[in-house]
Amino acid sequence: MNRKKLQKLTDTLTKNCKHFNKFEVNCLIRLYYNLVGDITERQGTVNGLDRNAFRNILHVTFGMTDDMIMDRVFRGFDKDNDGNVSVSEWVYGLSLFLRGTLEEKMKYCFEVFDLNGDGFISKEEMFHMLKNSLLKQPSEEDPDEGIKDLVEITLKKMDNDHDGKLSFSDYEQAVREETLLLEAFGPCLPDPKSQMEFEAHVFKDPNEFIDYMNN
């Protein structure tokens, strides 16, 4: 991308970006095209970061390992559901992912956890996510029973209107009282160490970050 185009794109994306300044947006755009360029070399023409490339970034950079959660995070970034993260989806997604307010993060996490998109986190969804994110413990007991107990305990703590499922209002109230419940059903945000390392590398030199990822 030539300098003029990069400048124009940077200006456009910075206008609508809450948490990054112009320099940071510019670094993220350059990183995005570096990442897409790497994929193009391997696969030929691509339309953006596909699910596999994006999950690789989540895994290598932010230490995420839960396939179900990574898939949901990808969907959270891919707003137009075309199967690729575009440059604007990348910048706006990272703005929330790395520096979002509590309100923004609550909405984002709730959408990640609401697997079927019906506006509620059901017992079944909780069960799936907790079963996925908890380490398998070799024990005599049926592990599913332990997870069912955990679902009941979680509901007791978070289900404010006692209807057997979590609405956004239930979730929001519980998280405001206890912030640790933000990622109650699985890690879908970067931990502070990964976030700092990512920002330190990318906002210093996006090319250096590519080298860091490939090592």
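Since the model is a prediction, treat every value here as computed from it, not as a measurement.

Analysis parameters
Residues numbered from 1 in each chain as written. Predicted model: local features only at pLDDT ≥ 70, side-chain atom pairs only at ≥ 80, totals over all residues. Heavy atoms only, no water. UniProt positions renumbered as here; feature names shortened; annotations may be inferred. Helix = DSSP H or I, 4+ residues; strand = E, 2+ residues; numbered from the N terminus. Buried < 20%, exposed > 50% of the residue type's maximum accessible area, 1.4 Å probe, protein only. Contact = heavy atoms within 4.5 Å. Lys, Arg positive; Asp, Glu negative; His and termini not counted. Salt bridge = Lys/Arg side-chain N within 4 Å of Asp/Glu carboxyl O. Polar contact = N/O pair within 3.5 Å; in protein donor to acceptor, adjacent residues only side chain to side chain. Axes fitted to C-alpha atoms, helices over the stretch in contact; angles between N-to-C directions. Parallel < 35°, antiparallel > 145°, perpendicular 65-115°, else oblique. Nonpolar A, V, L, I, M, F, W, Y, C, P; charged D, E, K, R; others polar.

Student: Can you tell me about the UniProt feature "domain: EF-hand" (unreviewed entry) in the protein chain, naming the residues and giving the values?
Tutor: In the UniProt entry, the feature "domain: EF-hand" (unreviewed entry) is given for residues 65-100, 101-136 and 146-181. End-to-end, the C-alpha atoms of residues 65-100 are 22 Å apart, and along that stretch the chain is 67% helix and 6% strand. As annotated, residues 146-181 comprises 64% helix and 6% strand, and the C-alpha atoms at either end are separated by 19 Å.

Student: Could you give an account of the environment of Ile29, with specific residues and numbers?
Tutor: Note on placement: Ile29 falls in helix 2 (residues 22-43). By relative accessible area, Ile29 is classed as buried at 0%. It is 25 Å that separates the C-alpha atoms of Ile29 and Ile69, two residues lying 40 residues apart in sequence. Not counting residues within four places of it along the chain, the set of residues in contact with Ile29 comprises Leu6, Leu9, Thr10, Leu13, Val87 and Val91.

Student: So, the side chain of Asp78: which residues are in play, and what are the values?
Tutor: Secondary-structure assignment places Asp78 in the loop between helix 4 (67-77) and strand 2 (84-85). At 6.0 Å, Arg51 is the nearest oppositely charged side chain to Asp78, a buried residue that forms no salt bridge. Reaching out from Asp78, the side chain makes a polar contact with the backbone nitrogen of Gly83 at a distance of 2.9 Å. Beyond its immediate stretch of four places on either side in the chain, Asp78 contacts Gly83, Asn84, Val85 and Glu89.

Student: Which residues make up unusual backbone geometry, and what values do they have?
Tutor: A positive phi angle, close to 55°, is found at Asn81, a residue other than glycine. Among the residues examined, Asn81 registers a relative accessible area of 60% and is labelled exposed. In this structure, His162 takes a positive phi of about 55° despite not being glycine. Tracing the backbone through its elements, the reader meets His162 in the loop between helix 8 (143-158) and strand 4 (166-167).

Student: Requested: an account of the packing of helix 5 (residues 87-99) against helix 10 (residues 192-202), with residues and values cited.
Tutor: Between helix 5 and helix 10, whose axes approach to 10 Å, the crossing angle comes to 135°. Of the possible angle classes, the one that applies to helix 5 and helix 10 is oblique. Contacts between helix 5 and helix 10 pair Leu94, Leu98 and Arg99 from the former with Gln195, Phe198 and Glu199 from the latter. Split into classes, the residues belonging to the contact of helix 5 with helix 10 amount to three nonpolar, one polar and two charged.

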